[in-house]
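Structural features, examined
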Amino acid sequence: MAAELVEAKNMVMSFRVSDLQMLLGFVGRSKSGLKHELVTRALQLVQFDCSPEVFKKIKELYETRYAKKSSEPGQPQQHRPPEALSIHSSYDRGSTVARTSLSTPNIDYPALYGKYLNGLGRLPPKVVKPEVRLVKLPFYTTLDELLKPTELVPQNNEKLQESPCIFALTPRQVELIRNSRELQAGVKSVQVVLRICYTDTSSPQEDQYPPNIAVKVNHSYCSVPGYYPSNKPGVEPKRPCRPINLTHLMYVSAATNRITVTWGNYGKSYSVGLYLVRQMTSAELLQRLKTIGVKHPELCKALVKEKLRLDPDSEIATTGVRVSLICPLVKMRLSVPCRAETCAHLQCFDAVFYLQMNEKKPTWMCPVCDKPAPYDQLIIDGLLSKILTECEDADEIEYLVDGSWCPIKAEKERSCSPQCPILVLGSSDVNGLLPTPNGNGENGKVTADVVDLTLDSSSSSEEEDDDEDDDDDDDGPQPKRRCSYEKGLVSAC
């Protein structure tokens, strides 16, 4: 029995894709997947469930293959049984050559899917072309590439085009999706997403939707992000182009999924790709940044010295630079001071709010200098983090030329209040004791006049003129009270 198992395994290892699919179809197992996945599935069948009928089928396929290989070129080849057709045959209309190409060894399945996506009935020429690449997204970690970025080719002159695509998940991918946690109700963290971009091989491309885009998964349409409303007149509303999550409309099993992309053909070329990804949260990105993105305080101190180093070509010497401890995004005290490695300034923003804002609407622009600040360029300022723990009563600090720092407390608005130093005018008490404010000078105390230093000279002269007129009209003198302080007191502020 052991010899038969070894023989069966050797025969399975020499099978082509069509032979593997026929064997797996014979026992009722899934025939989808890449060649190495089919081989693994067939070897497991031989190892754990190799009945005499299965061994007979393996031997029959092996002999049939080598009988074909040894036949003369002029002899007609045997008709291929229907089981040898790929799982895509029910969707393939007229692409016989593409179906047959599935049985050739070492075939590039993503490339084949891409050509089937465009409905072509011929194999692409053997020309090595640069591939379209998409930018890496911080909130998405790519686990598998289900379909390489493939160009959407119009099939006719109509403005509205449709491009179908079919694929099936492997058992490992199905398990990853089913066992992933939920980010929210009905949304798994492991997802199958569709990404669309311009067909441009010069540099990694950002997601960009074509006009009139619609995505249908199996029998249901998938929601696509809408446009942001624009409050400015004459400015067109913008659409956030993000990966489109297809998972909730898919068959999360070995069954075949069909995707149809509807798009507007207006001259620009677009490419689409399918990916198995794990969606990250802002809290997870923050934790990763705290783990690998903290810059040592001594390195930050050296950067401060470099910024304040005397420039011999400059006529102005910089002795210090002020840095606010308030986040420019939310006007709150910094908790995790952060900036991009490429930024020229020392001012930081709060990494917590920065990641949360980009999770909702990704722009990745520095709020201080308005220049790109992508996630992989972010660093946590170790020196400023230390300062925040030591300086709790100031909202601003100043870095000095030697790398040290000093707090800058906010200047309080100077105001006249009873707590200010008090001067007594007209008092005979050399000890500065305050006389009782009594206009009649009772108890033998000297009555003091009040001088309001808050009034300017013009207003004082005007009031004196008014008082002189009043004195002429009235028989007796009127008391002069020009401020709210008690009589005999004057502020020294």
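Source: prediction; values computed, not measured.

Cut-offs and rules
Numbering of residues starts from 1 in every chain and runs along the sequence as written. Per-residue local features are limited, in this predicted model, to residues with pLDDT of at least 70; the limit for side-chain atom pairs, both in listing and counting, is 80 or more; totals at the level of whole chains, interfaces and linings are taken over all residues. Just so you know, side-chain values use all the structure's heavy atoms and leave hydrogens and water out. Runs of H or I in DSSP of at least four residues are treated as helices and runs of E of at least two as strands, each being numbered from the N terminus. Working definition: with a 1.4 Å probe on protein chains only, accessible area under 20% of the residue-type maximum means buried, over 50% means exposed, and in between means partly exposed. Residue contacts follow a heavy-atom distance rule, with two residues in contact if any of their heavy atoms lie within 4.5 Å. Each accessible area is a Shrake-Rupley result for a 1.4 Å probe, and residues are judged covered by the shown protein chains and nothing else. Two strands form a pair only when DSSP identifies at least two bridges running between them. To obtain an axis, a line is fitted to C-alpha atoms, over the contacting stretch when the element is a helix, and the angle between two such axes runs from 0 to 180 degrees between their N-to-C directions. When an angle is under 35 degrees it counts as roughly parallel; over 145 it counts as roughly antiparallel; between 65 and 115 it counts as roughly perpendicular; any other value is oblique. In this scheme, a crossing is called left-handed if the near helix is turned counterclockwise away from the far one by less than a right angle; it is called right-handed if the turn is clockwise. When residues are sorted by character, Ala, Val, Leu, Ile, Met, Phe, Trp, Tyr, Cys and Pro go into the nonpolar class, Asp, Glu, Lys and Arg into the charged class, and all the rest, Gly among them, into the polar class. Definition used for salt bridges: Asp or Glu carboxyl oxygen within 4 Å of a side-chain nitrogen of Lys or Arg. In this description, the arc belongs to the directions extending from the helix axis to the C-beta atoms. Polar contact criterion, stated in full: a pair of N or O atoms within 3.5 Å, where within protein one must be able to donate a hydrogen and the other to accept it, and residues adjacent in sequence count only if both atoms are side-chain atoms. For this analysis, a ring pair means two rings from Phe, Tyr or Trp (six-membered ring only for Trp) whose centres lie within 6.5 Å, classed as stacked if their planes differ by under 30 degrees, edge-to-face if by over 60, and tilted for the remaining angles. As a per-residue quantity, pLDDT reports the predictor's confidence and falls between 0 and 100.

1. Looking at the overall build of the chain
- Summing up its helical and strand segments, the chain has twelve helices and 19 strands in all.
- Residue burial in the chain is summarised as follows: out of 493 residues, 35% are buried.
- At a minimum sequence separation of 6, the contacts of the chain that also span at least 24 residues come to 69%.
- A total of about 29,900 Å² of accessible surface is found on the chain, and carbon and sulfur atoms cover 51% of it.

2. Re the sheet that holds strand β9 (residues 256–264)
- The four strands lie next to each other as β2-β9-β6-β7, forming an open sheet whose pairing is antiparallel. In this open sheet, the two strands that pair with only one neighbour each are β2 (160–168) and β7 (220–222). Strand-to-strand twist across the sheet, computed as the mean angle between neighbouring axes with direction ignored, equals 25°.

3. Re the packing of helix α8 (residues 282–292) against helix α10 (residues 351–360)
- Between α8 and α10, whose axes approach to 9 Å, the crossing angle comes to 140°. Classified by the angle their axes make, α8 and α10 are oblique. The handedness of the crossing between α8 and α10 comes out as right-handed. Residue-level contacts link S282, L285, L286 and L289 of α8 to A351, V352, L355, Q356 and E359 of α10.
- Grouping the constituent residues of the contact of α8 with α10 by class yields six nonpolar, two polar and one charged.

4. Regarding the environment of G293
- Tracing the chain through its elements places G293 in the loop between α8 and β11 (294–295).
- For G293, the residues in contact, after removing those within four places along its chain, are R288, L378, I379 and I380.

5. Quick look at the pattern of salt bridges
- Taken as a whole and assessed by the stated rule, the structure comprises nine salt bridges.
- R181 is the salt-bridge partner of E284, the closest N and O atoms lying 2.6 Å from each other. Of this pair, E284 sits in helix α8 while R181 sits in the loop between α7 (171–179) and β3 (182–184), and the two are 103 residues apart along the sequence.
- Given the relative accessible area of 41%, R181 is considered partly exposed.

6. Thoughts on helix α2 (residues 17–26)
- For α2, a buried count of eight out of ten residues is recorded, marking the element as mostly surrounded by other parts of the structure.
- Along α2, the positions that sit buried rather than exposed are V17, S18, D19, L20, Q21, M22, L23 and L24.
- Residue G28 follows α2 closely and has a positive phi angle near 80°.

7. Here's the deal with the side chain of Q173
- Note that Q173 resides in helix α7.
- Apart from residues lying up to four places away in sequence, Q173 is in contact with D144, L146, A168 and L276.

8. Here we look at the environment of T141
- Its place among the elements puts T141 in strand β1 (residues 140–151).
- Residue T141 is classed as partly exposed on the basis of its relative accessible area, which comes to 31%.
- For T141 and L276, which are 135 residues apart along the polypeptide, the C-alpha to C-alpha distance reads 8.6 Å.
- The residues touching T141, leaving out its near neighbours within four places in the chain, are L276, V277, R278, M280 and R288.

9. A word on α10
- All buried positions along α10 are accounted for by A351, Y354, L355 and N358. Mapping the buried residues of α10 onto a view down its axis gives an arc of 95°, with all of them on the same face.
- The secondary structure elements touched by the buried residues of α10 are α8, β13 (337–340), β14 (349–350) and β15 (378–381).
- Put simply, D350 is the residue that caps the front of α10, since its side-chain oxygen is 3.0 Å from the backbone nitrogen of V352.

10. As for the packing of aromatic side chains
- Counting across every chain of the model gives five aromatic pairs.
- When the ring of F139 is compared with that of W364, the centres are 6.0 Å apart and the planes differ by 35°; the resulting orientation is tilted. Of the two residues, F139 is situated in the loop between α6 (109–117) and β1 and W364 in the loop between α10 and β15; the sequence distance between them amounts to 225 residues. Grouping residues by exposure puts F139 and W364 together as buried.
- Judged by centre distance (5.8 Å) and plane angle (75°), the rings of Y354 and W364 are edge-to-face. Of this pair, Y354 sits in helix α10 while W364 sits in the loop between α10 and β15, and the two are ten residues apart along the sequence.

11. Points about the confidence of the model for the chain
- On average, residues of the chain carry a pLDDT of 75, and 68% of them reach 70 or more.
- Confidence drops under pLDDT 50 across residues 74–123; counting only partners more than four residues distant or on other chains, this segment forms 78 contacts.
- This model gives residues 413–448 a pLDDT under 50, and the stretch forms 45 contacts once residues within four places in sequence are excluded.

12. Section: the sheet that holds β11
- Reading across the sheet, the four strands line up as β11-β15-β13-β14 and stay open at both edges, with mixed pairing between neighbours. Of all the strands in the sheet, the pair left with one neighbour each is β11 and β14.
- Two elements, β13 and β14, share two bridges in a ladder whose sense is antiparallel. For P337, the partnering residue across the bridge sits in β14 and is D350.
- Packing against the sheet, helix α11 (residues 382–390) makes contact with β11, β13 and β15, and its axis sits at approximately 40° to β15.

13. As for unusual backbone geometry
- Positive phi, close to 55°, is recorded for N212, a residue that is not glycine.
- With respect to the secondary-structure elements, N212 resides in the loop between β5 (190–198) and β6 (214–217).
- For N212, a relative accessible area of 44% corresponds to the partly exposed category.
- Positive phi values are uncommon outside glycine, yet N218 reaches one of about 55°.
- Its place among the elements puts N218 in the loop between β6 and β7.
- N218 sits in the buried class, given a relative accessible area of 13%.

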